[in-house]
Amino acid sequence: GNSVTQMEGPVTLSEEAFLTINCTYTATGYPSLFWYVQYPGEGLQLLLKATKADDKGSNKGFEATYRKETTSFHLEKGSVQVSDSAVYFCALNSGGSNYKLTFGKGTLLTVNP
Amino acid sequence: GAGVSQSPSNKVTEKGKDVELRCDPISGHTALYWYRQSLGQGLEFLIYFQGNSAPDKSGLPSDRFSAERTGGSVSTLTIQRTQQEDSAVYLCASRQNGASGRATPIQYFGAGTRLSVL
């Protein structure tokens, strides 16, 4: 079956530090890959996505590249801000008729000023 | 509304009681999902509705859980005889189909209902 493994948190960084959150997946077929973010007290929001190999998703300074050869979709940001403090979820859907999402367990990021 | 709306935002109940959680999807979205977010288990798929098709119930953890979607819009998730392990945040998401029947695989989530079973 499908599965997503992302690095365990929590991750604590100082403002302007470089961020990497690792994500690897197992899936049949050709999944679409996503990063969702959950800010304190809010629902999940789509941060970025990639739908085929070698695609790079980007948004708000975050980037992730769909690497089929390593089955990875690592999230990166060059300079984090306090406002980036949130829980980050890597997810995939493998298409089919329902597009249901399979999520990683989430990584809590705290950015200190 | 502009986004997916869920109610109540918080629900505290006693073990053994039934609860109903409500989801209002984004207007025009034909697909609706329920997920559960719990400590140690992360986010798990529960059930999926698409138009008038039979729902995909493959993620429901037990027969105490059921859901319906009336008129292709509002959905209610019902948990009967609640147990402490049902304590979690229940998230609803909706998705529209793209033009020419091609699905756009982006799900939009509500803020969730936090269920606490005492």
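Residues numbered from 1 in each chain as written. Chains lettered and ligands numbered in written order. Predicted model: local features only at pLDDT ≥ 70, side-chain atom pairs only at ≥ 80, totals over all residues. Heavy atoms only, no water.

**Digging into the pairing of strand β2 (residues 11–14) of chain A**
All names here are of chain A.
In step 1: Residues Val11 and Leu13 of β2 are buried on one face, while the alternating residues Thr12 and Ser14, pointing to the opposite face, are not.
In step 2: Bridging between β2 and strand β12 (residues 107–112) involves four bridges; their strand directions are parallel. Bridge pairing in β12 links Thr12 to Thr110. (Buried < 20%, exposed > 50% of the residue type's maximum accessible area, 1.4 Å probe, protein only. Helix = DSSP H or I, 4+ residues; strand = E, 2+ residues; numbered from the N terminus. Pairing = 2+ DSSP bridges.)

**Here's the deal with the sheet that holds strand β9 (residues 75–77) of chain A**
All names here are of chain A.
In step 1: Reading across from one edge, β3-β9-β8-β7 is the order of the four strands in this open sheet, with antiparallel pairing throughout. Strands with a single pairing partner mark the edges of an open sheet, and in this sheet they are β3 (19–21) and β7 (56–59). In this sheet, neighbouring strand axes are inclined to one another by 15° on average, regardless of whether the strands run parallel or antiparallel.
In step 2: Examined bridge by bridge, β3 and β9 share three bridges and lie antiparallel to one another. By the bridge assignment for β9, Ile21 is matched with Leu75. (Axes fitted to C-alpha atoms, helices over the stretch in contact; angles between N-to-C directions.)

Honestly, it's all geometry; don't read function into it.
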